[in-house]
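Residue-level listing of the chains:
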Amino acid sequence: LLGDAGLICIVAVISPFRREREMARAIAKGIDFFEIFVDAPLEVCERRDPKGLYRKARAGLILDFTGIGSSYEPPHAPELVLKTGEITPEDAVRQISSLLMNEGVIGSAR
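### A few points about the packing of aromatic side chains
So, point 1. Within this structure, the stated rule accounts for two aromatic pairs.
So, point 2. With 6.0 Å between their ring centres and 15° between their planes, Phe 37 and Tyr 72 make a pair best called stacked. With a gap of 35 residues between them, Phe 37 in strand β1 (residues 36-38) and Tyr 72 in the loop between α3 (53-58) and β2 (80-82) connect regions that are remote in the sequence.
So, point 3. Given the relative accessible area of 14%, Phe 37 is considered buried.
So, point 4. According to the relative accessible area criterion, Tyr 72 is partly exposed, its value standing at 33%.
So, point 5. With a centroid separation of 4.9 Å and 85° between ring planes, the pair formed by Tyr 54 and Phe 65 is classed as edge-to-face. In this pair, Tyr 54 is assigned in helix α3 and Phe 65 in the loop between α3 and β2, connecting sequence segments 11 residues apart.
So, point 6. On the basis of relative accessible area, Tyr 54 is assigned to the buried category, the value being 15%.
So, point 7. Residue classification places Phe 65 among the buried residues on the basis of a relative accessible area of 17%.

In structure tokens:
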């Protein structure tokens, strides 16, 4: 595992159900695991969608699409919430870096 080798792994996935995220945390047992909730309103996600997947889902061309035909269960207690409809990508990076520094995963930037 990369985490066992001392590497920091950032994994971005759409995991709409709490049970799936709990399984990911269980798999990572023994290494640092931080759930970061990228909290973007549906309208922001649709506006940022370069592939038009939300439009296709609304037209019924994609079934069970998260937020349209399938629900999303927000996490109860993520280690970090990024309200990406309100902050810049640079602010998001700073918040993630701060979390990792505060948890002792990385040292302060020099």
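### Points about the confidence of the model for the protein chain
So, point 1. Per-chain confidence: the protein chain averages 91 in pLDDT, with 95% of residues scoring 70 or above.
So, point 2. The spread of mean pLDDT over the elements of the protein chain runs between helix α1 (residues 18-27), the lowest at 93, and β2, the highest at 98.

### Side note on the pattern of salt bridges
So, point 1. This model, assessed by the stated rule, comprises six salt bridges.
So, point 2. Across the pair Arg 21 and Glu 35 runs a salt bridge, and its minimum N-O distance is 2.8 Å. With a gap of 14 residues between them, Arg 21 in helix α1 and Glu 35 in the loop between α1 and β1 connect regions that are remote in the sequence.
So, point 3. Residue Arg 21 is classed as buried on the basis of its relative accessible area, which comes to 9%.
So, point 4. According to the relative accessible area criterion, Glu 35 is buried, its value standing at 15%.
So, point 5. In this structure, Arg 94 and Asp 91 form a salt bridge, with 2.7 Å as the shortest nitrogen-oxygen distance. One end of the pair is Arg 94 and the other is Asp 91, both in helix α4 (residues 89-102) and three residues apart, which spans about a single turn.
So, point 6. A relative accessible area of 26% means that Asp 91 is categorised as partly exposed.

Thresholds, definitions, all that
Residues numbered from 1 in each chain as written. Predicted model: local features only at pLDDT ≥ 70, side-chain atom pairs only at ≥ 80, totals over all residues. Heavy atoms only, no water. Phe/Tyr/Trp six-rings, centres within 6.5 Å; stacked < 30°, edge-to-face > 60°. Helix = DSSP H or I, 4+ residues; strand = E, 2+ residues; numbered from the N terminus. Buried < 20%, exposed > 50% of the residue type's maximum accessible area, 1.4 Å probe, protein only. pLDDT = per-residue confidence, 0-100. Salt bridge = Lys/Arg side-chain N within 4 Å of Asp/Glu carboxyl O.

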